Amino acid sequence: MNLGKVAGAAQALAINAVSVYGVFFADWPVGTGIALYWAENVLRGLLILILLGVRRKRPTSVFLLLTFLFNAVHAVFLLVILGFVIPRVAPAERFEGGSFRQGLIAIAILLAIEYLVRMMAREDDGSDAYVRRVVVIHLTIVLGKFGIVLFDRATVLFRSFAALKTVMDVVSQWRTSRAAVS
């Protein structure tokens, strides 16, 4: 087991722990947790673009298109779910700005650390893994949000999604670290 794999897995766990801790231990509403997952994807995409710029590499048009398209489409779903569905189905789980800002600051700091390490270590920029992650995560979020409407249980679906996303992020980091070492 190498240090890169352990560090990548720890970083993925730490980033996911922000939303999970907030929702289950700090009484943040599920709406805030869902919004933080979306914000994490947007921030991660921006940091990859910055990393590519620092390295003077042009991002591929596929990366730019998928990043913009999936994050924009998910923003629309997010607005509908946070603005109409959750307030109707689970009013106590509405989006809350103060907890969102707290979570966003923590996630931004953790992502900045991750990408500073990538820059200094000359690791892969992570854009390929990001595109795969964004596609799978966003499809899972969209299906999960429809599940909120169907089952009337925002918290149960948040648990399922948080678990799936955490496992996927750890595996993705593990693979990225393995590829960077090989």
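Relevant structure appears above.
Predicted, not measured: the structure shown is a model, and the values here were computed from it.

(A) Structural context of the environment of Val 131. Within the secondary structure, Val 131 sits in helix 5 (residues 127–151). Exposure remark for Val 131: the relative accessible area of 16% places this residue in the buried category. In contact with Val 131, not counting residues within four places along its chain, are Phe 63 and Leu 66.

(B) Just the environment of Tyr 37, in detail. Relative to the elements of secondary structure, Tyr 37 occurs in helix 2 (residues 30–54). Taking the C-alpha atoms as reference points, Tyr 37 and Ser 19, 18 residues apart in sequence, are found 7.6 Å from one another. Non-local contacts of Tyr 37, meaning those with residues more than four positions away in its chain, are made with Asn 16, Ser 19, Val 20, Phe 158, Phe 161, Ala 162 and Lys 165.

(C) Structural view of the pattern of salt bridges. For the coordinates displayed, the defined rule picks out four salt bridges. Across the pair Lys 165 and Glu 40 runs a salt bridge, and its minimum N-O distance is 2.9 Å. Taken as a pair, Lys 165 in helix 6 (residues 154–181) and Glu 40 in helix 2 lie far apart in primary sequence, 125 residues in all. Here Lys 165 and Glu 40 have matching classes, each one buried. For Lys 165, the salt bridge goes to Asp 169, with nearest N and O atoms at 2.6 Å. Note that Lys 165 and Asp 169 are positioned in helix 6 at a spacing of four residues, about one turn of the helix. For the pair Lys 165 and Asp 169, one class covers both residues: buried. Taken together, the shared-partner salt bridges in this structure form one network comprising Glu 40, Arg 44, Glu 114, Lys 165 and Asp 169.

Cut-off values and rules
All residue numbers refer to positions counted from 1 along the written sequence of the respective chain. For a predicted model such as this one, the threshold for reporting local features is a pLDDT of at least 70, and the threshold for listing and counting side-chain atom pairs is 80 or more; totals across whole chains, interfaces and linings nevertheless cover every residue. Here the side-chain values reflect all heavy atoms present in the structure, with hydrogen atoms and water set aside. For helices the rule is a DSSP run of H or I covering at least 4 residues; for strands it is a run of E covering at least 2, with both sets numbered from the N terminus onward. Only protein chains enter the area calculation, which uses a 1.4 Å probe; residues under 20% of their type maximum are buried, those over 50% are exposed, and those in between are partly exposed. Whether two residues are in contact is decided by their heavy atoms: any pair within 4.5 Å suffices. A pair is scored as a salt bridge if a Lys or Arg side-chain nitrogen falls within 4 Å of a carboxyl oxygen belonging to Asp or Glu.

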